[in-house]
Amino acid sequence: MISVKTLTAISCGAVFMGANTYIGNAPNFMVKAISDENGVNMPSFFGYMLWSLAFLIPVFILDMLVFFL
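Quick caveat, the model's predicted, so the values are computed rather than measured. (Residues numbered from 1 in each chain as written. Predicted model: local features only at pLDDT ≥ 70, side-chain atom pairs only at ≥ 80, totals over all residues. Heavy atoms only, no water.)

Asker: Is there a simple way to think about the packing of aromatic side chains in this case?
Answerer: Two descriptors summarise a pair of aromatic rings, namely the distance from one centre to the other and the angle between the planes of the rings. Enumeration according to the criterion identifies 1 aromatic pair in this entry. Judged by centre distance (5.3 Å) and plane angle (10 degrees), the ring pair of Trp51 and Phe55 falls under stacked. With Trp51 and Phe55 both in helix 3 (residues 45-67), this residue pair falls 4 residues apart, about one helical turn. Exposure class is identical for Trp51 and Phe55. Each is exposed. (Phe/Tyr/Trp six-rings, centres within 6.5 Å; stacked < 30°, edge-to-face > 60°. Helix = DSSP H or I, 4+ residues; strand = E, 2+ residues; numbered from the N terminus. Buried < 20%, exposed > 50% of the residue type's maximum accessible area, 1.4 Å probe, protein only.)

Written out as structure tokens, the structure reads:
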């Protein structure tokens, strides 16, 4: 039997870390496609990952401190 803590960790990892890439989060990919179609410059896949490291990871650390500790 899988423990509740393990399932919670897997679920939170999928939800929170999916936002780190264009592919991991469907709305991110949709915005990228619409922006490209309309000629708006957007970061590349790896460029987005760098932006996500700079902004999303600190938010995820804060989430962890607030909700899990």
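Asker: Hey, could you run me through a nonpolar patch on the surface in this one?
Answerer: A contiguous nonpolar surface patch, about 860 Å² in accessible area, is contributed by Ile61, Leu62, Met64, Leu65, Val66, Phe67, Phe68 and Leu69. Its place among the elements puts Leu69 in the segment after helix 3. Relative accessible area serves as the criterion here: at 74%, Leu69 is assigned to the exposed category. (Patch = residues over 30% accessible without salt bridge, like charges linked within 9 Å, V, L, I, M, F, W, Y side chains within 5 Å. Areas by Shrake-Rupley, 256 points an atom, 1.4 Å probe, with all protein chains shown as cover. Salt bridge = Lys/Arg side-chain N within 4 Å of Asp/Glu carboxyl O.)

Asker: What is the right way to read helix 3 from this model?
Answerer: At Leu53, helix 3 shows its maximal bend, which comes to roughly 40 degrees. What helix 3 keeps buried is the set Gly47, Tyr48, Ser52, Phe60 and Asp63. Where helix 3 is buried, its residues contact helix 1 (4-17) and helix 2 (26-37). (Bend = angle between axes of the 7 residues up to and from the residue. Contact = heavy atoms within 4.5 Å.)

Nothing here speaks to function; it is all geometry.
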